[in-house]
Amino acid sequence: MQLLPDLRPVMAYYDATLSNLKVAVCHDPLCNASTIRVVDSDGDVGQHASLRLLPDGRPVVAYYDATNLDLKLAVCRDATCTSAAIRVVDGLGSVGQWASLALAADGRAVMAYYDATHLDLLLAVCDEVDCSVRLLSSGGDYTSVQLTDDGRPVISCYASQSLVVFVCRDGACTSSVRAAVVDGYAGHHSSLQLLPDGRAVVAIMDKYSSSGADPLLVICNSEVCTTASRIYFDGQHDDPSKHRMVGVHNSLELTTDGRAVVTYHDNTDGSLHLAVCGDSDCSTFYRGIVDLMGAHPSLQLLPDGRPVIAYHDESNSELKLVVCADALCAN
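What you see is a predicted model; the values in this text were computed from it and never measured.

### Some points on the environment of Val165
Here comes step 1: Note that Val165 resides in strand β15 (residues 162-168).
Here comes step 2: Not counting residues within four places of it along the chain, the set of residues in contact with Val165 comprises Val154, Ile155, Ser156, Val177, Arg178, Ala179, Val181 and Val202.

Take a look at the structure:
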């Protein structure tokens, strides 16, 4: 999900019944009504959708084509996506799962994604004519990508049973610095944002046992993330006897003063949680339940810091949106 300048939410998502990629554009900030378009219906398409907006409000979506095992990119021709220019970014093997999209200042699409054939992390950079694809690492799913102020990609992923952060040295990522930040089956469902000084903040799931996991916030202590601070939101890792799978499907945003806000799914009872840090170091935080049912959340923040969350109600098979009445989403 992204927000237009007038604060109307825009969502890209997979319709599991029709196996289509769809885009919903809300008519107002509370989404009392919306325009829904089928963007691509050519086969089983739309899983792992990642959305960004061009400066003129047109949606751009990277997603997985499960029929042809390809990574695809759709660029909408108008703000409500009445039609879109669709192309295959990468069709070599089974590629495109865990797609994460960022847009450079010049309009180039930058996508990090997983190559399931070779078990590799790949990065594609597309202009209006062509796409270049680079191998970043052996292993690397659960990807998330953001761009520095000078256009260099920074990518988080799960590789070699660790959270790994790559910091590219240029916009095309011809070379990069790799840091294994947290090991021990940590790094699933990563969501990455960048502080103004370039340091990465990553929300992940730390899987401490076969049936237990904790939501973990990682704050890098330098741009290349050789060391990092760790903040656990749920506290389960201190008690291995607990068997709740929490911290799935993380979505992270940063407030204007650098505080992390994270929404995540409790896979044990199905609930949707929100954690809000009290300062940039997250030395204190608030944690609460937003909804008793909520998977695959996508988070944005309004200018006053209130969260807006799009998510999947698994019990009713519905796409839902919550606009919080306050910064902690207590109402």
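### Some points on the sheet that holds strand β6 (residues 59-65)
Here comes step 1: Here we have four strands laid out as an open sheet, ordered β5-β6-β7-β8, and antiparallel in their pairing. Where the open sheet ends on each side, the last strands, each with one partner, are β5 (45-53) and β8 (84-90). For this sheet the average axis-to-axis angle between neighbouring strands, irrespective of direction, equals 25°.
Here comes step 2: The pairing of β5 with β6 spans six bridges and is antiparallel. Pairing of Leu51 across the sheet is with Val61, part of β6.

### A few points about the packing of aromatic side chains
Here comes step 1: Inspection of every chain in the model, using the stated rule, returns four aromatic pairs.
Here comes step 2: The interplanar angle of 35° and the centroid separation of 4.2 Å between the aromatic rings of Trp98 and Tyr142 together place this pair among those described as tilted. With a gap of 44 residues between them, Trp98 in strand β9 (residues 95-103) and Tyr142 in strand β13 (residues 141-147) connect regions that are remote in the sequence.
Here comes step 3: Here the aromatic rings of Phe233 and Tyr264 are separated by 6.5 Å at their centres, their planes lie at 5°, and the arrangement is stacked. You can see Phe233 sitting in the loop between β20 (228-232) and β21 (246-254) and its partner Tyr264 sitting in strand β22 (residues 260-266), a full 31 residues away along the chain.
Here comes step 4: Following the ring pairs from residue to residue traces out a cluster consisting of Trp98, Tyr142 and Tyr158.

### Describing the pairing of strand β2 (residues 9-15)
Here comes step 1: Within β2, six of the seven residues are buried, leaving the element largely enclosed by the surrounding structure.
Here comes step 2: Alignment of strand β1 (residues 2-3) against β2, held across two bridges, turns out to be antiparallel. Considered in β2, the bridge of Gln2 is made with Val10.
Here comes step 3: The loop that links β1 with its antiparallel partner β2 comprises five residues; one of these, Leu7, has a positive phi angle of about 75°.
Here comes step 4: Sheet topology note: the β2/strand β3 (residues 20-26) ladder contains six bridges and is antiparallel. By the bridge assignment for β3, Tyr14 is matched with Leu21.
Here comes step 5: Adjacent in sequence and paired antiparallel, β2 and β3 are bridged by four residues, among which Ser19 carries a positive phi angle near 60°.

### Observations concerning the state of the cysteines
Here comes step 1: Taken as a whole and assessed by the stated rule, the structure comprises seven disulfides.
Here comes step 2: A disulfide bridge connects Cys220 with Cys225, and the sulfur atoms are separated by 1.9 Å. Measuring the twist about the S-S bond at about -75°, one finds the Cys220-Cys225 disulfide to be left-handed. As far as burial versus exposure is concerned, Cys220 and Cys225 are alike and both buried.
Here comes step 3: Of the cysteine sulfurs around Cys157, a residue in no disulfide, the closest is that of Cys168, at 11 Å.

What counts and what doesn't
Residues numbered from 1 in each chain as written. Predicted model: local features only at pLDDT ≥ 70, side-chain atom pairs only at ≥ 80, totals over all residues. Heavy atoms only, no water. Helix = DSSP H or I, 4+ residues; strand = E, 2+ residues; numbered from the N terminus. Contact = heavy atoms within 4.5 Å. Pairing = 2+ DSSP bridges. Axes fitted to C-alpha atoms, helices over the stretch in contact; angles between N-to-C directions. Phe/Tyr/Trp six-rings, centres within 6.5 Å; stacked < 30°, edge-to-face > 60°. Buried < 20%, exposed > 50% of the residue type's maximum accessible area, 1.4 Å probe, protein only. Disulfide = S-S within 2.5 Å.

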